[in-house]
Amino acid sequence: MSDTTDRVERLLDELTRDEKFRLVSGAADPERTATGYLPGVERLDVPEFRLVDGPLGVRAEGERATAFPASLALAATFDPELAREQGAAMAREAKAHNQDALLAPGANLVRVPHCGRNFEYFSEDPQLAADLTAGVVEGIHDEDVVATVKHYVANNQESNRTRVSAEVDERTLRELYLPAFRAAVDAGVGSVMTAYNRVNGTHLSDHRELVSEVLKGEWGFEGYVVSDWYGVESTVGAANAGLDLEMPGVSPAAIREADDGGDASPDAADVSSLDGIPDPTKAGLFGEPLAEAIDDGAVSADRLDDMAARVLGQMERIGLLDGDRDDGAIDTPAHRDLAERIAARGTVLLENDDVLPLDDGTDVALIGPNVREATVGGGGSSETTPFRSVAPAEGIDARADGEVTVARGVPEIEDVSLFDLLPYIDDSDEAGGDAETTPDPSIDEAVAAAEDADVAVVVVRDATTEARDRETLELPGRQDELVEAVADATERTVVVVNSSGPVELPWHDDVEALLAAWYPGQAHGDALADVLYGDRDPGGRLPVTFGPEEAFPATDETQYPGVDDTVEYAEGLFVGYRHFDAADVEPTYPFGHGDSYAEFRYRDAESLGDAVRVTVENCAERPGREVVQAYVRPPAAPEGVERPVRELAGTAAVGLDPGESRTVEIDLDDRAFARYDPDDGWVTDEGTYTVEVGRSSRDVRATVETER
Ligand code: NOJ
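Note that the structure is predicted; figures quoted are calculated from it, not measured.

Novice: Would you mind showing me how to read the overall build of the protein here?
Specialist: Helix and strand counts for the protein stand at 20 helices and 25 strands. In terms of overall dimensions, the protein is globule-like: its C-alpha atoms have a radius of gyration of 25 Å, near the 27 Å expected for 708 residues. When its C-alpha atoms are laid out on the principal axes, the protein stretches across 75 × 65 × 50 Å. The long-range share in the protein, meaning contacts at least 24 apart out of those at least 6 apart in sequence, stands at 77%. Accessible area of the protein: about 25,300 Å², with a carbon and sulfur share of 40%.

Take a look at the structure:
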């Protein structure tokens, strides 16, 4: 039983058993804005409770909200304070839409570059993911909305996500996949969403060890554990494993009936046969079946009390039981500005051969299939509909003093969306993309525009969605061909990549400048102009390694996408840069990499034992933003124990004026040196540890040593 307040205790005493069920299983929202809904108990002044997607902005049904950059873009800022600001802004918008819990942040690790939801997650590195997760959680909670960290745990692919079992050893779980969730709990997160997949054979909804023992027991999580939508595997198994809240609790047909009296009943057989689509007949397992299980003694009545208490506890914490929460705010100038700031600061300058920033008067050929629309996000439950969005063409046109010529070059890359895959959602009355009214684009026309301009800016993108993985890391369509043709024709080609994660860049040596700008959200064009013209420093660093497909780990089909509903995490700890370092493979761009328009000098690095200190100077004549990174290299581990070459221990992001120096300290807590031993827990081997301080995982500027 969780620690409950007197008030929650009193409510538990007064609630009937049927009323308790109203707090643990969802119902249809009469306002139809929420993603998940609890009707409350009017008799006892327990209010309604609305849960809403998602991590890139509020997705209240039929409503608009600020569309923030993708979580991966936020992570590229390496700035937990910005994450906190985004969390708070999203929470204010949630309140303005009368929502109480935000289904964010997504804290899964980027294990394979193909995963269709990588844009919703933070990093291949657990420390960075943990720092960003904690930032978003704290921001959401600052505004009295419940944060929901998801998807607990090892939901690292969309292929076969509802069935697949991640076969992963305990050390790897503890060192890679669990830390971001642990950080959320330490930050006081109110809710944890279980993943659809299984871990070592057991569905997460029913995973007693991970839910009851680790999350609630060991970590002391006091909030409620909510299922992913239609993700409860069994009534008794889930209730006894520690799941507290079933969502959405009702079938799509019931939601529709409540809405318009329609009778759109899904064909369950059709749906459950679709890879990645949850089975909507899995609804109501915490209703009547739970009542029967309690009558039979298979689930205890105390467990029902605990479930209800946990939900009530969060309602109380955010002020809902007193009705004294403020109304929030939506689409404010501050939120719009924040969306632009994050998009610009998360933009990573991968290459720059003296082309950027552009002079104001430069004549620009703006090329790319989608330059007339903003890349707001990827498909699925994180889709946010903004009040306005700025396309690259619009943003650059507004900023440029020189001439801007637009040429699309190749046909538009179309968005993909989970909602087009769901047989029980009819979006036919919603507007599709802009109808193509312009003539067919041609690469020749793009090349001609590039030849006539001072600089060619080519914007390319991928298209990904929840419920589908990318089949390849190549850019879709003929975009590589387009870039190559333009790069051949001009000496000044800037390529901007809007992607969900790593993509292959076969032409990266042939272009003069290269930016990774992820899915930038509603402020796409403005943020791009900010960076291209140097109004803002491209402050981003890579939260994921870029490399060709075959250079990544987990290339065997048993490791990904899996065989017989099983995925072997046989690479263990060697994910992302841990793999590239151990295998001594040269990435295209390493983890942590990113240039600035300024230049930085590092000096006076010293170990303080539990921190490392270094002074960073901006030796350029323009302001810039540096992300100081500290990696720990352990001494030789005991016989038979592998350790990564280096692991990120912490970061410090600083903005520096020309000539300015700043001394930064990066904390090195015990965990920075420890490894997880299944028998002994976290252990720190004795010996000399090297702390590398630098600009990326492969650009070390100073080293210090510390004994443990
Ligand atoms: C399924 C997704 O996995 C989850 O992230 C989302 O919050 C729910 N659907 C609700 O839309």
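More follows now that the structure is in view.
Novice: Just checking my understanding: could you explain the sheet that holds strand 24 (residues 688–696) for this structure?
Specialist: Note on sheets: strands pair through backbone hydrogen bonds, and any given pair is parallel or antiparallel. Taken together, 4 strands build an open sheet; the order of strands is 20-19-24-25 and the sheet is antiparallel. Each of the sheet's edge strands pairs with one partner strand only, and the pair in question is strand 20 (647–656) and strand 25 (699–707). In this sheet, neighbouring strand axes are inclined to one another by 20° on average, regardless of whether the strands run parallel or antiparallel. Pairing analysis gives 9 bridges linking strand 19 (residues 624–633) to strand 20, with the strands arranged antiparallel. Among the inter-strand pairings, Ala-630 is bridged to a residue of strand 20, identified as Gly-650.

Novice: Please clarify how the site of the ligand should be interpreted in this entry.
Specialist: Close contacts around the ligand come from 14 residues, with Asp-53, Arg-117, Lys-150, His-151 and Asp-228 the closest. Lys-150 places a side-chain nitrogen or oxygen 3.0 Å from an oxygen atom of the ligand. A distance of 2.6 Å separates an oxygen atom of the ligand from a polar atom in the side chain of Asp-228. Expressed as a share of its isolated accessible area of 290 Å², the protein-covered part of the ligand is 94%. When its residues are assigned to classes, the shell around the ligand shows 4 nonpolar, 3 polar and 7 charged.

Novice: Quick question: what am I supposed to make of unusual backbone geometry here?
Specialist: Across the chain, the bulk of peptide bonds are trans and the bulk of non-glycine residues have phi less than zero. Between Asp-53 and the following residue, Gly-54, the backbone shows a cis peptide bond with an omega angle of 5°. Note on placement: Gly-54 falls in the loop between strand 2 (49–52) and helix 3 (71–76). Along the chain, Tyr-560 connects to Pro-561 via a cis peptide bond; the corresponding omega equals 0°. As for its placement among the helices and strands, Pro-561 is situated in the loop between helix 19 (524–532) and strand 16 (566–568). A positive phi angle, near 50°, is found at Phe-78, a position not held by glycine. Within the secondary structure layout, Phe-78 lies in the loop between helix 3 and helix 4 (80–96).

Novice: Sorry if this is basic, but what is going on with the pairing of strand 18 (residues 611–618) here?
Specialist: Consecutive side chains of a regular strand alternate in pointing toward one face of the sheet and then the other. Buried residues dominate strand 18, accounting for 7 of its 8 residues. Both strand 17 (residues 600–607) and strand 18 contribute to a ladder of 6 bridges, which runs antiparallel. Across the sheet, the residue bridging to Phe-600 is Asn-618, located in strand 18. Between the end of strand 17 and the start of strand 18, which pair antiparallel, lie 3 residues, with Gly-609 showing a positive phi angle near 85°.

Novice: Mind showing me how you'd approach the sheet that holds strand 9 (residues 224–226) here?
Specialist: One open sheet accounts for 6 strands, arranged 1-2-3-4-6-9; its pairing is mixed. With one partner strand each, in any of the chains shown, strand 1 (36–38) and strand 9 form the two edges of the open sheet. Pairing of strand 3 (residues 101–102) with strand 4 (residues 146–152), which is carried by 2 bridges, proceeds in the parallel orientation. Paired with Leu-102 across the two strands is Ala-147, which belongs to strand 4. Sheet strands touched by helix 5 (residues 126–142): strand 3 and strand 4. Its angle to strand 4, the strand with the most contacts, is close to 150°. Each of strand 4, strand 6 (191–194) and strand 9 touches helix 8 (residues 208–218); the most contacted strand, strand 4, lies at about 135° to it.

Rules used in this analysis
- Residues numbered from 1 in each chain as written.
- Predicted model: local features only at pLDDT ≥ 70, side-chain atom pairs only at ≥ 80, totals over all residues.
- Heavy atoms only, no water.
- Helix = DSSP H or I, 4+ residues; strand = E, 2+ residues; numbered from the N terminus.
- Rg over C-alpha atoms; globule rule 2.2 N^0.38 Å.
- Contact = heavy atoms within 4.5 Å.
- Areas by Shrake-Rupley, 256 points an atom, 1.4 Å probe, with all protein chains shown as cover.
- Pairing = 2+ DSSP bridges.
- Axes fitted to C-alpha atoms, helices over the stretch in contact; angles between N-to-C directions.
- Near = heavy atom within 4 Å.
- Polar contact = N/O pair within 3.5 Å; in protein donor to acceptor, adjacent residues only side chain to side chain.
- Nonpolar A, V, L, I, M, F, W, Y, C, P; charged D, E, K, R; others polar.
- Buried < 20%, exposed > 50% of the residue type's maximum accessible area, 1.4 Å probe, protein only.

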